[in-house]
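Tertiary structure, described
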Amino acid sequence: MSIFNSIEVLVVDDEPNIQKLFVRELANPGRNIRTAGTGAEARAILRSAAVDVVVLDIRLPDENGLGLMEHIQETCPHAAIVLITGYADVDTAVQAMKAGAYDYITKPFSLERMEQVIERAYQKVRLVRENELLRHGAVDSTKAPKFIGHSAAVQQVRYLIERVAPTDTPVLLTGESGTGKNVAAAAIHAQSLRADQPFIVTNCANFDKELLRSELFGYCKGAFTGADRSHEGLLPLAHKGTLFFDEVGELSLELQAALLRVLETGRFRRVGDKEERHVDVRFLFATNRDLAREVEAGRFHDAFYHRINVFTIELPPLRERREDIPALVEYFLHSLAKNGQSYQITPAAMQQLMKSSWPGNVRELRNVIERGMILAEGGVIGVKALPFCQKTCRTPRETGFSTLEELERAHIALVLHAVEGNKSKAAQILGIGRKTLYRKLTEFGLESSTAMSPLGQ
Ligand SMILES: Nc1ncnc2c1ncn2[C@@H]1O[C@H](COP(=O)(O)OP(=O)(O)OP(=O)(O)O)[C@@H](O)[C@H]1O
Ligand SMILES: [Mg+2]
(Lines give C-alpha, C1' and ligand atoms only; values in the text may rest on other atoms or scores of the structure.)
(Ligands and ions follow the chains in the order given, each with its own letter.)
Protein backbone atom coordinates (compact mmCIF):
# COMPACT_ATOMS: atom_id res chain seq x y z
CA MET A 1 0.00 0.00 0.00
CA SER A 2 1.48 3.30 -0.95
CA ILE A 3 0.13 6.13 1.10
CA PHE A 4 2.95 8.61 1.12
CA ASN A 5 4.37 10.25 -1.91
CA SER A 6 6.71 12.83 -0.51
CA ILE A 7 9.41 12.81 2.15
CA GLU A 8 9.65 15.63 4.66
CA VAL A 9 13.24 16.29 5.66
CA LEU A 10 14.34 18.81 8.27
CA VAL A 11 17.97 19.93 8.18
CA VAL A 12 19.18 21.54 11.41
CA ASP A 13 22.54 23.19 10.86
CA ASP A 14 23.73 26.71 11.59
CA GLU A 15 25.88 26.90 8.44
CA PRO A 16 23.85 28.83 5.81
CA ASN A 17 25.96 27.22 3.06
CA ILE A 18 25.13 23.71 4.20
CA GLN A 19 21.44 24.62 4.37
CA LYS A 20 21.56 26.02 0.84
CA LEU A 21 23.42 22.98 -0.42
CA PHE A 22 20.75 20.62 0.90
CA VAL A 23 17.93 22.64 -0.62
CA ARG A 24 19.68 23.08 -3.96
CA GLU A 25 20.98 19.54 -4.39
CA LEU A 26 18.68 17.24 -2.46
CA ALA A 27 15.21 18.77 -2.77
CA ASN A 28 13.01 17.33 -5.52
CA PRO A 29 9.27 16.93 -6.14
CA GLY A 30 9.22 13.83 -3.94
CA ARG A 31 11.44 15.24 -1.21
CA ASN A 32 10.68 18.43 0.64
CA ILE A 33 13.57 20.01 2.55
CA ARG A 34 13.12 22.52 5.35
CA THR A 35 15.99 24.11 7.18
CA ALA A 36 16.57 25.47 10.67
CA GLY A 37 19.68 27.29 11.91
CA THR A 38 19.01 26.92 15.63
CA GLY A 39 17.38 24.54 18.08
CA ALA A 40 14.58 27.05 18.64
CA GLU A 41 13.80 27.25 14.92
CA ALA A 42 13.80 23.46 14.69
CA ARG A 43 11.38 23.17 17.61
CA ALA A 44 9.00 25.61 15.95
CA ILE A 45 8.98 23.59 12.71
CA LEU A 46 8.48 20.32 14.58
CA ARG A 47 5.37 21.74 16.21
CA SER A 48 3.61 22.41 12.94
CA ALA A 49 4.85 19.81 10.48
CA ALA A 50 5.13 16.06 10.26
CA VAL A 51 8.80 15.35 9.64
CA ASP A 52 10.11 11.99 8.41
CA VAL A 53 13.87 12.49 8.61
CA VAL A 54 15.85 15.03 10.65
CA VAL A 55 19.43 15.72 9.67
CA LEU A 56 20.92 17.24 12.79
CA ASP A 57 24.25 18.90 13.41
CA ILE A 58 25.40 17.90 16.87
CA ARG A 59 26.79 21.39 17.53
CA LEU A 60 24.18 24.11 17.48
CA PRO A 61 24.54 27.74 18.55
CA ASP A 62 21.76 27.69 21.14
CA GLU A 63 21.67 24.12 22.43
CA ASN A 64 23.28 20.75 22.47
CA GLY A 65 22.25 18.55 19.52
CA LEU A 66 21.65 15.62 21.86
CA GLY A 67 19.14 17.65 23.87
CA LEU A 68 17.30 18.53 20.69
CA MET A 69 17.40 14.88 19.65
CA GLU A 70 15.58 13.94 22.82
CA HIS A 71 12.97 16.58 22.08
CA ILE A 72 12.51 15.22 18.54
CA GLN A 73 12.03 11.70 19.87
CA GLU A 74 9.40 13.11 22.21
CA THR A 75 7.45 15.19 19.70
CA CYS A 76 7.98 13.17 16.50
CA PRO A 77 8.53 9.60 17.65
CA HIS A 78 8.42 8.32 14.06
CA ALA A 79 11.11 10.60 12.67
CA ALA A 80 14.52 9.06 11.91
CA ILE A 81 17.45 11.15 13.09
CA VAL A 82 20.70 11.37 11.15
CA LEU A 83 23.49 13.22 12.95
CA ILE A 84 26.21 15.30 11.38
CA THR A 85 29.35 15.16 13.49
CA GLY A 86 32.95 16.30 13.39
CA TYR A 87 35.85 13.88 13.93
CA ALA A 88 36.13 15.04 17.50
CA ASP A 89 32.52 14.11 18.23
CA VAL A 90 32.67 10.37 17.56
CA ASP A 91 32.02 9.50 21.21
CA THR A 92 28.94 11.69 21.26
CA ALA A 93 27.77 10.09 18.01
CA VAL A 94 28.07 6.61 19.52
CA GLN A 95 26.14 7.81 22.53
CA ALA A 96 23.43 9.19 20.21
CA MET A 97 23.18 5.91 18.31
CA LYS A 98 22.64 4.13 21.61
CA ALA A 99 19.90 6.63 22.39
CA GLY A 100 18.11 5.77 19.15
CA ALA A 101 19.59 7.93 16.36
CA TYR A 102 19.29 6.20 13.00
CA ASP A 103 22.82 6.91 11.75
CA TYR A 104 25.59 9.49 11.77
CA ILE A 105 27.80 11.03 9.13
CA THR A 106 31.09 12.70 9.79
CA LYS A 107 32.09 15.96 8.19
CA PRO A 108 33.11 16.46 5.44
CA PHE A 109 30.53 14.23 3.73
CA SER A 110 29.61 13.66 0.12
CA LEU A 111 26.10 14.56 -0.98
CA GLU A 112 25.76 11.16 -2.56
CA ARG A 113 26.34 9.45 0.75
CA MET A 114 24.00 11.85 2.53
CA GLU A 115 21.27 11.14 0.00
CA GLN A 116 21.68 7.40 0.47
CA VAL A 117 21.42 7.67 4.23
CA ILE A 118 18.33 9.89 4.02
CA GLU A 119 16.64 7.44 1.64
CA ARG A 120 17.39 4.43 3.83
CA ALA A 121 16.22 6.30 6.92
CA TYR A 122 13.02 7.18 5.13
CA GLN A 123 12.32 3.58 4.10
CA LYS A 124 12.48 2.61 7.75
CA VAL A 125 10.17 5.46 8.82
CA ARG A 126 7.76 4.60 6.07
CA LEU A 127 7.50 0.97 7.15
CA VAL A 128 6.87 1.91 10.75
CA ARG A 129 4.27 4.51 9.78
CA GLU A 130 2.49 2.19 7.36
CA ASN A 131 2.26 -0.51 10.03
CA GLU A 132 0.97 2.01 12.50
CA LEU A 133 -1.57 3.33 10.00
CA LEU A 134 -2.81 -0.16 9.18
CA ARG A 135 -3.15 -0.93 12.86
CA HIS A 136 -5.20 2.24 13.22
CA GLY A 137 -7.58 1.35 10.42
CA ALA A 138 -5.99 3.13 7.48
CA VAL A 139 -7.76 2.12 4.33
CA ASP A 140 -6.40 1.98 0.84
CA SER A 141 -9.17 4.04 -0.71
CA THR A 142 -8.11 3.09 -4.22
CA LYS A 143 -9.37 -0.39 -3.35
CA ALA A 144 -12.67 0.93 -2.01
CA PRO A 145 -15.79 -0.54 -3.61
CA LYS A 146 -17.33 1.38 -6.47
CA PHE A 147 -20.30 3.54 -5.66
CA ILE A 148 -22.92 1.75 -7.74
CA GLY A 149 -26.36 3.02 -8.73
CA HIS A 150 -28.04 5.32 -11.19
CA SER A 151 -31.29 6.18 -9.46
CA ALA A 152 -31.99 9.90 -9.18
CA ALA A 153 -31.26 9.71 -5.44
CA VAL A 154 -27.85 8.12 -5.96
CA GLN A 155 -27.00 10.53 -8.76
CA GLN A 156 -27.69 13.37 -6.36
CA VAL A 157 -25.37 11.76 -3.77
CA ARG A 158 -22.70 11.33 -6.41
CA TYR A 159 -23.07 14.97 -7.45
CA LEU A 160 -22.70 16.18 -3.85
CA ILE A 161 -19.62 13.96 -3.36
CA GLU A 162 -18.03 15.36 -6.51
CA ARG A 163 -18.62 18.94 -5.41
CA VAL A 164 -17.50 18.62 -1.82
CA ALA A 165 -14.58 16.18 -2.33
CA PRO A 166 -11.94 18.71 -3.44
CA THR A 167 -12.69 21.11 -0.57
CA ASP A 168 -11.55 20.74 3.04
CA THR A 169 -15.08 21.12 4.43
CA PRO A 170 -16.10 18.48 6.96
CA VAL A 171 -18.82 16.18 5.66
CA LEU A 172 -21.47 14.40 7.70
CA LEU A 173 -22.82 11.21 6.12
CA THR A 174 -26.17 10.07 7.42
CA GLY A 175 -28.50 7.22 6.57
CA GLU A 176 -29.66 3.86 7.82
CA SER A 177 -27.24 1.06 8.46
CA GLY A 178 -25.92 -0.56 5.27
CA THR A 179 -26.80 2.31 2.93
CA GLY A 180 -23.18 2.94 1.94
CA LYS A 181 -21.85 5.65 4.28
CA ASN A 182 -18.41 4.04 4.42
CA VAL A 183 -18.37 3.63 0.65
CA ALA A 184 -19.27 7.32 0.28
CA ALA A 185 -16.54 8.41 2.73
CA ALA A 186 -13.92 6.44 0.77
CA ALA A 187 -15.23 8.01 -2.45
CA ILE A 188 -14.87 11.52 -1.00
CA HIS A 189 -11.27 10.85 0.00
CA ALA A 190 -10.45 9.19 -3.33
CA GLN A 191 -11.79 12.20 -5.26
CA SER A 192 -10.12 14.77 -3.01
CA LEU A 193 -6.76 16.47 -3.43
CA ARG A 194 -5.59 14.33 -0.52
CA ALA A 195 -6.18 11.07 -2.39
CA ASP A 196 -2.54 9.97 -2.18
CA GLN A 197 -2.29 10.69 1.53
CA PRO A 198 -3.55 8.55 4.42
CA PHE A 199 -7.27 7.78 4.76
CA ILE A 200 -7.92 6.64 8.30
CA VAL A 201 -11.21 5.25 9.52
CA THR A 202 -11.81 5.29 13.24
CA ASN A 203 -14.91 3.84 14.82
CA CYS A 204 -15.97 5.93 17.80
CA ALA A 205 -17.96 3.02 19.23
CA ASN A 206 -14.83 0.88 19.61
CA PHE A 207 -13.06 3.04 22.13
CA ASP A 208 -13.67 3.96 25.69
CA LYS A 209 -13.36 7.65 26.47
CA GLU A 210 -9.80 7.77 27.79
CA LEU A 211 -8.43 5.35 25.25
CA LEU A 212 -9.86 7.32 22.35
CA ARG A 213 -8.35 10.54 23.69
CA SER A 214 -4.84 9.09 23.83
CA GLU A 215 -5.31 7.22 20.53
CA LEU A 216 -6.45 10.43 18.88
CA PHE A 217 -4.09 12.99 20.32
CA GLY A 218 -1.18 10.77 21.37
CA TYR A 219 0.57 11.12 24.69
CA CYS A 220 3.92 12.07 26.19
CA LYS A 221 6.25 9.84 28.09
CA GLY A 222 5.15 9.87 31.74
CA ALA A 223 1.67 11.30 30.98
CA PHE A 224 0.11 8.47 32.96
CA THR A 225 1.16 5.23 34.59
CA GLY A 226 2.40 2.89 31.93
CA ALA A 227 3.25 5.63 29.43
CA ASP A 228 6.94 4.73 29.33
CA ARG A 229 7.45 6.23 25.88
CA SER A 230 5.67 8.90 23.93
CA HIS A 231 3.06 7.83 21.44
CA GLU A 232 1.98 9.40 18.17
CA GLY A 233 -1.81 9.83 17.94
CA LEU A 234 -4.12 9.40 14.99
CA LEU A 235 -4.21 13.11 14.25
CA PRO A 236 -0.52 13.47 13.35
CA LEU A 237 -0.68 10.14 11.52
CA ALA A 238 -3.48 11.51 9.38
CA HIS A 239 -1.56 14.74 8.70
CA LYS A 240 -2.33 15.95 5.14
CA GLY A 241 -4.85 13.14 4.76
CA THR A 242 -8.43 12.39 5.78
CA LEU A 243 -9.70 11.16 9.13
CA PHE A 244 -13.13 9.52 9.08
CA PHE A 245 -15.03 9.26 12.37
CA ASP A 246 -17.52 6.47 11.93
CA GLU A 247 -20.47 6.29 14.34
CA VAL A 248 -19.75 9.81 15.57
CA GLY A 249 -22.95 9.66 17.63
CA GLU A 250 -21.03 7.46 20.07
CA LEU A 251 -18.38 10.09 20.79
CA SER A 252 -18.36 11.33 24.40
CA LEU A 253 -19.28 14.96 25.10
CA GLU A 254 -15.76 15.69 26.36
CA LEU A 255 -14.12 14.37 23.24
CA GLN A 256 -16.57 16.30 21.09
CA ALA A 257 -15.39 19.49 22.79
CA ALA A 258 -11.74 18.59 22.25
CA LEU A 259 -12.37 17.74 18.60
CA LEU A 260 -14.33 20.93 18.04
CA ARG A 261 -11.16 22.83 18.86
CA VAL A 262 -9.16 20.81 16.35
CA LEU A 263 -11.81 21.43 13.69
CA GLU A 264 -11.77 25.14 14.32
CA THR A 265 -8.06 25.78 14.76
CA GLY A 266 -6.19 22.69 13.54
CA ARG A 267 -4.49 22.69 16.95
CA PHE A 268 -4.35 19.99 19.57
CA ARG A 269 -2.36 18.98 22.61
CA ARG A 270 -1.07 15.51 23.36
CA VAL A 271 -2.05 14.01 26.70
CA GLY A 272 0.49 15.28 29.22
CA ASP A 273 2.01 17.86 26.85
CA LYS A 274 2.30 21.57 27.54
CA GLU A 275 2.83 22.53 23.93
CA GLU A 276 0.19 22.69 21.24
CA ARG A 277 0.74 21.19 17.82
CA HIS A 278 -0.79 21.85 14.45
CA VAL A 279 -2.21 19.37 11.96
CA ASP A 280 -3.72 19.61 8.50
CA VAL A 281 -6.47 17.00 8.39
CA ARG A 282 -9.78 16.75 6.54
CA PHE A 283 -12.59 15.32 8.67
CA LEU A 284 -15.47 13.12 7.64
CA PHE A 285 -18.20 11.85 9.96
CA ALA A 286 -20.93 9.24 9.73
CA THR A 287 -23.84 8.31 11.90
CA ASN A 288 -27.10 6.41 11.68
CA ARG A 289 -28.50 8.36 14.62
CA ASP A 290 -30.61 11.49 14.45
CA LEU A 291 -28.02 13.91 15.82
CA ALA A 292 -30.44 16.84 16.05
CA ARG A 293 -32.51 14.76 18.42
CA GLU A 294 -29.37 13.75 20.36
CA VAL A 295 -28.59 17.46 20.76
CA GLU A 296 -32.07 18.10 22.12
CA ALA A 297 -31.67 15.24 24.56
CA GLY A 298 -28.37 16.75 25.77
CA ARG A 299 -26.34 13.78 24.55
CA PHE A 300 -24.61 15.66 21.78
CA HIS A 301 -22.73 18.94 21.89
CA ASP A 302 -24.65 21.71 20.12
CA ALA A 303 -21.62 23.59 18.79
CA PHE A 304 -19.91 20.39 17.66
CA TYR A 305 -23.06 19.32 15.85
CA HIS A 306 -23.21 22.60 13.94
CA ARG A 307 -19.54 22.38 13.04
CA ILE A 308 -19.81 18.86 11.56
CA ASN A 309 -23.20 19.50 10.01
CA VAL A 310 -21.97 22.07 7.48
CA PHE A 311 -22.36 19.69 4.55
CA THR A 312 -24.59 16.69 5.10
CA ILE A 313 -25.09 13.91 2.61
CA GLU A 314 -27.97 11.57 3.28
CA LEU A 315 -27.68 8.08 1.85
CA PRO A 316 -31.17 6.94 0.82
CA PRO A 317 -32.48 3.54 1.94
CA LEU A 318 -32.47 0.86 -0.73
CA ARG A 319 -36.27 0.40 -0.61
CA GLU A 320 -36.62 3.96 -1.94
CA ARG A 321 -34.39 3.29 -4.92
CA ARG A 322 -35.20 -0.24 -5.97
CA GLU A 323 -34.19 0.59 -9.53
CA ASP A 324 -30.57 0.36 -8.31
CA ILE A 325 -31.02 -3.29 -7.32
CA PRO A 326 -30.25 -4.89 -10.73
CA ALA A 327 -27.02 -2.91 -11.11
CA LEU A 328 -25.99 -3.69 -7.54
CA VAL A 329 -26.77 -7.38 -8.03
CA GLU A 330 -24.66 -7.53 -11.17
CA TYR A 331 -21.87 -5.66 -9.45
CA PHE A 332 -21.86 -8.12 -6.53
CA LEU A 333 -22.10 -11.13 -8.85
CA HIS A 334 -19.01 -9.79 -10.53
CA SER A 335 -17.00 -8.58 -7.56
CA LEU A 336 -17.74 -11.53 -5.27
CA ALA A 337 -17.05 -14.21 -7.90
CA LYS A 338 -13.93 -16.29 -7.32
CA ASN A 339 -11.67 -18.09 -9.79
CA GLY A 340 -13.20 -16.46 -12.83
CA GLN A 341 -16.52 -18.28 -12.31
CA SER A 342 -19.41 -16.34 -13.78
CA TYR A 343 -22.90 -16.18 -12.31
CA GLN A 344 -26.33 -15.30 -13.57
CA ILE A 345 -29.59 -14.66 -11.88
CA THR A 346 -32.98 -15.78 -13.19
CA PRO A 347 -35.63 -13.11 -13.89
CA ALA A 348 -37.86 -14.67 -11.21
CA ALA A 349 -35.11 -14.44 -8.60
CA MET A 350 -34.45 -10.84 -9.61
CA GLN A 351 -38.18 -10.09 -9.25
CA GLN A 352 -37.97 -11.49 -5.75
CA LEU A 353 -35.08 -9.16 -4.92
CA MET A 354 -36.92 -6.19 -6.40
CA LYS A 355 -39.95 -6.85 -4.23
CA SER A 356 -38.13 -7.11 -0.91
CA SER A 357 -37.92 -4.21 1.48
CA TRP A 358 -34.26 -4.53 2.48
CA PRO A 359 -34.24 -3.36 6.09
CA GLY A 360 -30.46 -4.00 6.07
CA ASN A 361 -30.11 -2.04 2.82
CA VAL A 362 -27.21 -2.68 0.42
CA ARG A 363 -25.29 -4.70 2.98
CA GLU A 364 -28.18 -7.13 3.25
CA LEU A 365 -28.47 -7.36 -0.53
CA ARG A 366 -24.77 -8.11 -0.76
CA ASN A 367 -25.08 -10.88 1.81
CA VAL A 368 -28.09 -12.40 0.08
CA ILE A 369 -26.16 -12.48 -3.20
CA GLU A 370 -23.12 -13.99 -1.54
CA ARG A 371 -25.25 -16.80 -0.10
CA GLY A 372 -27.11 -17.16 -3.39
CA MET A 373 -23.80 -17.73 -5.17
CA ILE A 374 -23.04 -20.64 -2.87
CA LEU A 375 -26.45 -22.17 -3.51
CA ALA A 376 -26.45 -21.44 -7.25
CA GLU A 377 -26.78 -24.40 -9.56
CA GLY A 378 -24.50 -24.34 -12.58
CA GLY A 379 -23.75 -20.69 -11.87
CA VAL A 380 -27.44 -19.75 -12.02
CA ILE A 381 -29.13 -18.17 -9.02
CA GLY A 382 -32.80 -19.03 -9.04
CA VAL A 383 -35.51 -18.35 -6.48
CA LYS A 384 -34.47 -21.55 -4.70
CA ALA A 385 -31.02 -20.09 -4.04
CA LEU A 386 -32.56 -17.20 -2.15
CA PRO A 387 -34.14 -18.89 0.86
CA PHE A 388 -32.53 -16.39 3.16
CA CYS A 389 -34.11 -13.65 1.16
CA GLN A 390 -37.55 -15.18 1.46
CA LYS A 391 -37.03 -15.41 5.17
CA THR A 392 -35.42 -12.07 5.87
CA CYS A 393 -36.79 -9.84 3.15
CA ARG A 394 -39.90 -8.26 4.43
CA THR A 395 -42.43 -6.39 2.40
CA PRO A 396 -42.25 -2.67 3.00
CA ARG A 397 -45.45 -1.81 4.73
CA GLU A 398 -46.66 -2.65 8.13
CA THR A 399 -49.63 -4.29 6.42
CA GLY A 400 -47.13 -6.83 5.10
CA PHE A 401 -47.86 -5.97 1.44
CA SER A 402 -46.31 -3.70 -1.16
CA THR A 403 -48.62 -1.23 -2.88
CA LEU A 404 -49.44 -1.69 -6.56
CA GLU A 405 -47.55 1.50 -7.31
CA GLU A 406 -44.38 0.19 -5.62
CA LEU A 407 -44.57 -3.06 -7.56
CA GLU A 408 -45.22 -1.24 -10.83
CA ARG A 409 -42.26 1.07 -10.32
CA ALA A 410 -39.93 -1.80 -9.41
CA HIS A 411 -41.14 -3.88 -12.38
CA ILE A 412 -40.61 -1.06 -14.87
CA ALA A 413 -37.09 -0.44 -13.51
CA LEU A 414 -36.29 -4.14 -13.80
CA VAL A 415 -37.45 -4.41 -17.41
CA LEU A 416 -35.63 -1.22 -18.38
CA HIS A 417 -32.47 -2.58 -16.92
CA ALA A 418 -32.89 -5.89 -18.73
CA VAL A 419 -33.13 -4.08 -22.10
CA GLU A 420 -30.29 -1.70 -21.21
CA GLY A 421 -32.51 1.35 -21.28
CA ASN A 422 -34.09 0.71 -24.69
CA LYS A 423 -37.54 2.25 -24.18
CA SER A 424 -39.21 0.82 -27.29
CA LYS A 425 -38.25 -2.69 -26.23
CA ALA A 426 -39.27 -2.01 -22.64
CA ALA A 427 -42.69 -0.71 -23.72
CA GLN A 428 -43.16 -3.79 -25.91
CA ILE A 429 -42.31 -6.19 -23.07
CA LEU A 430 -44.50 -4.29 -20.64
CA GLY A 431 -47.37 -4.29 -23.13
CA ILE A 432 -47.89 -0.53 -23.02
CA GLY A 433 -47.35 2.31 -25.48
CA ARG A 434 -44.15 4.35 -25.50
CA LYS A 435 -46.03 7.47 -24.42
CA THR A 436 -47.51 5.67 -21.42
CA LEU A 437 -44.03 4.42 -20.55
CA TYR A 438 -42.59 7.96 -20.71
CA ARG A 439 -45.40 9.25 -18.50
CA LYS A 440 -44.76 6.51 -15.95
CA LEU A 441 -41.00 7.13 -16.00
CA THR A 442 -41.60 10.78 -15.14
CA GLU A 443 -44.21 9.91 -12.56
CA PHE A 444 -41.86 7.42 -10.82
CA GLY A 445 -38.76 9.59 -11.20
CA LEU A 446 -37.12 6.87 -13.31
CA GLU A 447 -36.04 8.96 -16.32
CA SER A 448 -32.37 8.60 -15.47
CA SER A 449 -32.58 4.80 -15.36
CA THR A 450 -32.53 4.76 -19.14
CA ALA A 451 -28.82 5.56 -19.01
CA MET A 452 -28.15 2.67 -16.69
CA SER A 453 -25.47 0.31 -17.95
CA PRO A 454 -25.44 -3.28 -16.70
CA LEU A 455 -22.71 -2.61 -14.16
CA GLY A 456 -24.00 0.79 -13.23
CA GLN A 457 -20.70 2.53 -14.01
N1 LIG B 1 -23.60 2.25 -3.69
C2 LIG B 1 -22.92 1.14 -3.38
N3 LIG B 1 -22.22 0.50 -4.34
C4 LIG B 1 -21.55 -0.64 -4.07
N5 LIG B 1 -21.52 -1.22 -2.88
C6 LIG B 1 -22.20 -0.66 -1.88
C7 LIG B 1 -22.92 0.55 -2.08
N8 LIG B 1 -23.50 0.91 -0.92
C9 LIG B 1 -23.16 -0.03 -0.03
N10 LIG B 1 -22.36 -0.98 -0.60
C11 LIG B 1 -21.85 -2.20 0.07
O12 LIG B 1 -22.73 -2.49 1.14
C13 LIG B 1 -22.05 -2.79 2.33
C14 LIG B 1 -22.41 -1.80 3.42
O15 LIG B 1 -21.95 -0.50 3.07
P16 LIG B 1 -21.35 0.51 4.16
O17 LIG B 1 -20.45 -0.23 5.10
O18 LIG B 1 -20.76 1.66 3.42
O19 LIG B 1 -22.70 0.93 4.92
P20 LIG B 1 -22.89 1.97 6.14
O21 LIG B 1 -23.93 2.93 5.71
O22 LIG B 1 -21.56 2.51 6.53
O23 LIG B 1 -23.49 1.02 7.27
P24 LIG B 1 -23.35 1.13 8.90
O25 LIG B 1 -24.22 2.28 9.35
O26 LIG B 1 -23.87 -0.18 9.38
O27 LIG B 1 -21.91 1.35 9.20
C28 LIG B 1 -20.58 -2.82 1.98
O29 LIG B 1 -20.24 -4.15 1.65
C30 LIG B 1 -20.50 -1.95 0.74
O31 LIG B 1 -19.43 -2.36 -0.05
MG1 LIG C 1 -20.45 2.28 8.30
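Shown above is the structure to which this text applies.
Residues numbered from 1 in each chain as written. Chains lettered and ligands numbered in written order. Predicted model: local features only at pLDDT ≥ 70, side-chain atom pairs only at ≥ 80, totals over all residues. Heavy atoms only, no water.

Moving on, we come to the nonpolar core. Val329, Leu353 and Leu365 are the most contacted members of the largest nonpolar core, which totals 38 residues. Of all the elements in the fold, those that place two or more residues in this core are helix H13 (325-335), helix H14 (347-355), helix H15 (361-375), helix H17 (404-418), helix H18 (423-430) and helix H19 (434-443). In terms of residues, this core owes the most to one element, H13, which gives seven residues. Those residues in contact with Leu365 that sit more than four places away from it in its chain are Leu318, Ile325, Leu328, Val329, Phe332, Leu353 and Trp358. In terms of nonpolar packing, the next biggest core, distinct from the first, is built from 32 residues, Leu255, Leu259, Leu263 and Phe268 among them. (Core = buried A, V, L, I, M, F, W, Y, C linked by side-chain atoms within 4.5 Å. Buried < 20%, exposed > 50% of the residue type's maximum accessible area, 1.4 Å probe, protein only. Helix = DSSP H or I, 4+ residues; strand = E, 2+ residues; numbered from the N terminus. Contact = heavy atoms within 4.5 Å.)

Across all of its chains, the model carries 25 salt bridges by this definition. Of the charged contacts in the structure, one is a salt bridge between Arg194 and Asp280, with a shortest N-O distance of 2.7 Å. One end of the pair, Arg194, is in the loop between helix H7 (181-190) and strand E7 (199-203); the other, Asp280, is in the loop between strand E12 (276-278) and strand E13 (282-287), with 86 residues separating them in the sequence. According to the relative accessible area criterion, Arg194 is buried, its value standing at 8%. Residue class for Asp280 comes out partly exposed when judged on its relative accessible area of 32%. Glu232 is the salt-bridge partner of Arg277, the closest N and O atoms lying 3.6 Å from each other. Taken together, the residues Arg277 in strand E12 and Glu232 in strand E9 (residues 231-232) connect sequence positions 45 residues apart. No difference in accessibility class separates Arg277 from Glu232, as the two residues are buried. Overlapping salt bridges bring together Glu250, Arg289, Glu294 and Arg299 as one network. (Salt bridge = Lys/Arg side-chain N within 4 Å of Asp/Glu carboxyl O.)

Three or more residues of helix H1 (residues 16-26) are buried, namely Ile18, Gln19, Phe22 and Leu26. Looking straight down H1, one finds its buried side chains confined to an arc of 105°; they lie on one side. Within H1, the exposed residues directed more than 90 degrees away from the buried face are Asn17, Lys20 and Arg24. Each element contacted by the buried residues of H1 is listed here: strand E1 (7-12), strand E2 (31-36), strand E3 (53-57) and helix H5 (111-135). (Arc of directions from axis to C-beta.)

A few words on the site of ligand 1. Every one of the 19 residues lining ligand 1 counts as a neighbour, but Ile148, Ser177, Gly178, Lys181 and Asn182 are closest to it. Between ligand 1 and Thr179, the relevant distance is 3.3 Å, taken from an oxygen atom to a main-chain nitrogen or oxygen of the residue. In the model, an oxygen atom of ligand 1 is placed 2.7 Å from a nitrogen or oxygen of the Asn182 side chain. Within the complex, the protein chains bury 88% of what would otherwise be the 630 Å² of accessible surface of ligand 1. Put simply, ligand 1 lies in the largest pocket. (Near = heavy atom within 4 Å. Polar contact = N/O pair within 3.5 Å; in protein donor to acceptor, adjacent residues only side chain to side chain. Areas by Shrake-Rupley, 256 points an atom, 1.4 Å probe, with all protein chains shown as cover. 1 Å grid on protein atoms, 1.4 Å probe; cavity = no way out; pocket = protein on both sides within 12 Å on 5 of 7 lines; lining within 4 Å. Sits in = over half its atoms within 2 Å of the grid points.)

It is worth spelling out the sheet that holds strand E4 (residues 80-85) at this point. Whenever strands of a sheet pair, they do so through backbone hydrogen bonds, lying parallel or antiparallel. Reading across from one edge, E2-E1-E3-E4-E5 is the order of the five strands in this open sheet, with parallel pairing throughout. Unpaired on one side and paired on the other, E2 and strand E5 (103-106) mark the two borders of the sheet. Between one strand axis and the next, the sheet turns through 20° on average, direction left out of account. Bridge count between E1 and E2: six bridges; the pairing is parallel. Of the residues in E2, the one forming a bridge with Glu8 is Asn32. (Pairing = 2+ DSSP bridges. Axes fitted to C-alpha atoms, helices over the stretch in contact; angles between N-to-C directions.)

Before going further, it helps to spend a moment on the layout of surface pockets. Summary: where empty space remains is shown by rolling a probe the size of a single water molecule over the atoms. Here the largest pocket is characterised by a volume of approximately 710 Å³. Gly180, Lys181, Asn182, Val183 and Arg363 are, among the 30 residues lining the largest pocket, the residues nearest its centre. The class makeup of the residues in the lining of the largest pocket is 15 nonpolar, eight polar and seven charged. Put simply, the second largest pocket is a space of about 540 Å³. (Points joined across faces, edges and corners; volume = space filled by probe spheres on them. Nonpolar A, V, L, I, M, F, W, Y, C, P; charged D, E, K, R; others polar.)

The next point concerns helix H6 (residues 152-164). Taking 1.5 Å of rise per residue, 13 residues should cover 18 Å, and H6 covers 18 Å from first to last C-alpha, within 8% of that figure. For H6, the set of buried residues is Val154, Val157, Ile161 and Val164. Angularly, the buried residues of H6 cover 100° about the axis, an arc narrow enough to put them on a single face. Of the surrounding elements, those touching the buried residues of H6 are strand E6 (171-174), H7, E13 and strand E14 (311-314). (Expected span 1.5 Å × (residues − 1).)

Turning our eyes to something else, we now look at the pairing of E1. Counting buried positions along E1 gives six out of six residues, so the element sits mostly inside the fold. Along E1, one buried face is formed by Ile7, Val9 and Val11 and the opposite face, lined by Glu8, Leu10 and Val12, is buried too. For the crossover that starts at E1, traverses H1 and ends in the parallel E2, the hand is right-handed. Note that E1 and E3 share four bridges and pair parallel. (Right-handed = clockwise from strand over helix to strand, strands pointing away.)

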